[in-house]
Amino acid sequence: VLDELAAKKPVVILKGGTTEAGTRAVTYHTGAVAGSQAVWEAAFRRAGVTQVASFDELVDTLVAFTRLQPLGGNRVALISPSGGMSVMHTDMCVRGGFQVPELSPETIEGLEQILTAGTSARNPLDLAGFSYFDRKAVRQTIALLGADERIDAILFHLPMDFLMPIVDGAPWFEEKFLNNVIESRPANKPLMIIMPHTIADGKRVEVERLFLDNGFAVFPSVERALRAIAHVMARWGETPRIS
């Protein structure tokens, strides 16, 4: 059945009992599905099935499969309002088998013309302060990255605790800012949204739904995004493959 299904569409499986202790626990309950994990994994690999290890990974992978097309490669551009976080995200990408390459000279020149002082026109992009909330700057930045042949995908870091203080003082800004990001999505490569869980999680859910309804892949962290993306790339025979 798996062979037949996986040949037509992605199949994602979350199976319990993948450790020695977990297998022992299975025998106490639904013993019929116990067995050698190596046998299960071999069957999944042969059928081309994607196996995940947690409910979070299951949800993330389904989001990725339903909203992403083939990336064409593992080179990502990172957009963040924080220099420190952009550095950490770069480390996460490299450890996950992704590249954070230098942008083309044309892209860097274009970014330097639109970004304000205190920002970084290099990958990862730190749009600290005014540039991050300047709709024209955000739109042009995404357009330049979309046209850069050195980039296969864009990760846009959107922390609610960074956005909400601005919105509290100017409620009208939220809709304009979010719609600007949505309308800026390039046609030729995925723009994925990273929205960490925060104390403002009620607002985060609301904004996440807005992006999901508009066809975006949304993830709560870069690590979870990369793992889900890697599953999708493996399905298409692309690299990398996160273990």
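Residues numbered from 1 in each chain as written. Predicted model: local features only at pLDDT ≥ 70, side-chain atom pairs only at ≥ 80, totals over all residues. Heavy atoms only, no water.

Trainee: I tried to follow the packing of helix α9 (residues 160–169) against helix α10 (residues 172–183) on my own but got confused; where do I start?
Mentor: For any two helices packed against each other, the geometry is given by the interaxial angle and the distance between the axes. Two elements in contact, α9 and α10, have axes separated by 7 Å at closest approach and are oriented at 135 degrees. The angle between the axes of α9 and α10 places the two elements in the oblique class. Contacts from Leu163, Ile166 and Val167 of α9 reach α10 at Phe173, Glu174, Phe177 and Leu178. (Axes fitted to C-alpha atoms, helices over the stretch in contact; angles between N-to-C directions. Helix = DSSP H or I, 4+ residues; strand = E, 2+ residues; numbered from the N terminus. Parallel < 35°, antiparallel > 145°, perpendicular 65-115°, else oblique. Contact = heavy atoms within 4.5 Å.)

Trainee: Before we go on, may I ask you to explain the pairing of strand β3 (residues 76–80) in this structure?
Mentor: A regular strand places its side chains on the two faces of the sheet in alternate fashion. For β3, the tally of buried residues reaches five of five residues, placing the bulk of the element in the interior. Two elements, β3 and strand β5 (residues 153–157), share four bridges in a ladder whose sense is parallel. Along β5, the bridge assignment pairs Ala77 with Ile154. Here two bridges tie β3 to strand β4 (residues 125–126), and the two strands are oriented parallel to one another. Counterpart to Ile79 in the pairing with β4 is Leu125. (Buried < 20%, exposed > 50% of the residue type's maximum accessible area, 1.4 Å probe, protein only. Pairing = 2+ DSSP bridges.)

Trainee: Would you mind going over the side chain of Asp60 with me for this structure?
Mentor: Mapping Asp60 onto the fold places it in helix α4 (residues 55–67). A polar atom in the side chain of Asp60 sits 2.6 Å from the side chain of Arg224. Ignoring sequence-local partners within four residues, the contact set of Asp60 consists of Phe219, Pro220, Arg224 and Ala228. (Polar contact = N/O pair within 3.5 Å; in protein donor to acceptor, adjacent residues only side chain to side chain.)

Trainee: Sorry, what's going on with the packing of helix α5 (residues 83–95) against helix α12 (residues 222–235) here?
Mentor: Closest axis-to-axis distance for the α5/α12 pair is 10 Å, and the angle between their directions is 30 degrees. Compared by their axis directions, α5 and α12 come out roughly parallel. Viewed along their axes, α5 and α12 form a crossing whose handedness is right-handed. In this structure, α5 uses His89, Met92 and Cys93 to contact α12, whose residues at the interface are Val222, Glu223 and Leu226. (Left-handed = near helix turned anticlockwise from the far one by under 90°.)

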